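Topology and contacts: notes
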Amino acid sequence: MSSSALSTKSHKDIAIVLRTQPLGEADRIIILLTRERGIVHAVAKGIRRSSSKFGARLEPFMLIDVSLVAGKNLETVSQVQTRRAYTSSIMGDYSAYLTGLALVEITEQLSVYDAETYTESFNLLAGALSAIARNVHQPIDVLNSFISRMMRLSGWDIQVYQCSVCGRQEDINYFSASSSGICTSCASMVGEKLLAFSDDVKSYIDDVSSGRWEQVDSQIQQSIKLRSLELLTRYLQWHVEKPIRSIEVALKDFHAS
Ligand SMILES: [Zn+2]
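Residues numbered from 1 in each chain as written. Predicted model: local features only at pLDDT ≥ 70, side-chain atom pairs only at ≥ 80, totals over all residues.

**With respect to the overall build of the chain**
- Helix and strand content of the chain: ten helices and eight strands.
- Over its C-alpha atoms, taken along the principal directions, the chain stretches across nearly 65 × 40 × 30 Å.
- Per-residue burial over the chain gives 38% buried out of 257 residues.
- If you take every contact in the chain between residues at least 6 apart in sequence, the share linking residues at least 24 apart comes to 54%. (Helix = DSSP H or I, 4+ residues; strand = E, 2+ residues; numbered from the N terminus. Buried ≥ 20, exposed ≤ 12 C-beta atoms within 10 Å, placed from the backbone. Contact = placed C-beta atoms within 7 Å.)

What follows is the structure in structure tokens.
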């Protein structure tokens, strides 16, 4: 196939708009999580002109049908249709908005997937955005669930009821940022600072990571949820080797509310 034939080939996919950034006078780069190809950066030409054919369809958190045309460097957005317009309801609620930003940043940081995990990660993000947009679960629960399930998808499953060092299924009383649950006997051998891992927190993390939403929604102790988010965040940050600022901002908001 010649390069000119490649350049006009359009690819259709379902995608979630993660974020956008201005490009030149009138364009924007749209960072998308596509269902079939993972994260794609594409140009939306003329989107910042009032006459743009794209309207508000390429705002963050939108779920869209999109046609992309391959280009020399970046792909170009040729057509967009809205599937679910989550933007205004997420942006209308401060906790939901901060959670949405955290979901997006986590998605980008954990973007080293193999092709098999594209659809699963897409479904997890679409489900999480839907939950916070429709206010069916608390944002902090959605965030905890998303982190634990995305970590599993990335091959870093959180050990809650099994020691990550010796495999014992008893006395898992400590949490390590590098390997999660640690039993009391192994705790002294691990060369890193460990955190207390209480039964309440273990049970809650097991529920959010398994999607047992009835139990999660009936958990009313905010301290358990906050502690879980702190542990999950440390685990995530250790594995991606950098701080995830948007979670820290969301955590502050959850503490205050
Ligand atoms: Zn052990």
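The structure having been displayed, the exposition proceeds.
**Remarks on the nonpolar core**
- Among the nonpolar cores identified, the biggest contains 67 residues, and Ile 16, Val 17, Leu 32 and Leu 129 are the most heavily contacted of them.
- Counting residues domain by domain, this core receives three or more from each of domain 1 (3–85) and domain 2 (89–256).
- Leave out the neighbours within four places in its chain, and Val 17 touches Ile 30, Leu 32, Leu 58, Glu 59, Pro 60, Phe 61, Met 62 and Ile 64. (Core = buried A, V, L, I, M, F, W, Y, C linked by C-beta atoms within 7 Å. Domains from an automatic or database assignment.)

**So, the environment of Gly 127**
- Examined against the element boundaries, Gly 127 turns out to sit in helix H4 (residues 116–133).
- Expressed as a C-alpha distance, the spacing of Gly 127 and Val 142, which sit 15 residues apart in the sequence, is 9.1 Å.

**Thoughts on the sheet that holds strand E4 (residues 63–69)**
- The strand order around the closed barrel formed by five strands is E1-E2-E3-E5-E4, and the pairing between neighbours is mixed. Ignoring which end each strand starts from, the neighbouring axes of this sheet average 50° apart.
- Relative to strand E1 (residues 10–23), helix H3 (residues 94–109) is tilted by about 115°, and along the sheet it contacts E1, strand E2 (27–34) and strand E3 (38–44).
- Lying on the sheet, H4 is in contact with E1, E2, E3, E4 and strand E5 (75–84); it crosses E1 at an angle near 60°. (Pairing = 2+ DSSP bridges. Axes fitted to C-alpha atoms, helices over the stretch in contact; angles between N-to-C directions.)

**Quick look at the packing of helix H7 (residues 199–210) against helix H9 (residues 222–240)**
- Two elements in contact, H7 and H9, have axes whose closest approach is 9 Å; the angle formed by their N-to-C orientations is 75°. By the angle class used here, H7 and H9 are roughly perpendicular. On H9, the residues that touch Asp 200, Val 201, Tyr 204 and Ile 205 of H7 are Ile 224, Lys 225, Arg 227, Ser 228 and Leu 231.
- Here the residues of the contact of H7 with H9 sort into five nonpolar, one polar and three charged. (Parallel < 35°, antiparallel > 145°, perpendicular 65-115°, else oblique. Nonpolar A, V, L, I, M, F, W, Y, C, P; charged D, E, K, R; others polar.)

**Focus: the pairing of strand E6 (residues 172–176)**
- Relative to strand E7 (residues 180–183), E6 is paired through four bridges, and the arrangement is antiparallel. Across the sheet, residue Ile 172 finds its bridge partner in E7, namely Cys 183.
- Counting the residues in the hairpin turn of E6 and E7 gives three residues.
- Of the pairings in the sheet, the one linking E6 to strand E8 (residues 195–196) comprises two bridges and is antiparallel in character. From the neighbouring strand, Phe 175 faces E8, where its bridge partner is Leu 195.

**Brief notes about the UniProt feature "domain: DNA replication/recombination mediator RecO N-terminal" (unreviewed entry) in the chain**
- The feature "domain: DNA replication/recombination mediator RecO N-terminal" (unreviewed entry), as annotated in UniProt, sits at residues 11–84 in this numbering.
- Within the segment residues 11–84, helix and strand shares are 0% and 61% respectively, and the terminal C-alpha atoms sit 20 Å apart. (UniProt positions renumbered as here; feature names shortened; annotations may be inferred.)

**Some points on the packing of H3 against H4**
- Where H3 meets H4, the closest approach of the two axes is 10 Å, and the angle between their N-to-C directions is 175°. What the angle tells us is that H3 and H4 run roughly antiparallel. Facing Ala 96, Thr 99, Gly 100, Leu 103 and Thr 107 of H3, the residues of H4 in contact are Ser 121, Leu 125, Ala 128, Leu 129 and Ile 132.

**Focus: the domain arrangement of the chain**
- The domain boundaries assigned to the chain delineate domain 1 (3–85) and domain 2 (89–256).
- Computed over C-alpha atoms only, the centres of domain 1 and domain 2 are separated by 30 Å.
- Each partner contributes residues to the interface: domain 1 has 13 residues there, and domain 2 has 14 residues.
- Of all elements in the fold, only E1 and E3 reach the threshold of two or more residues within the side of domain 1 that touches domain 2.
- Per element, the largest residue contribution to the side of domain 1 that touches domain 2 is three residues, and it comes from E1.

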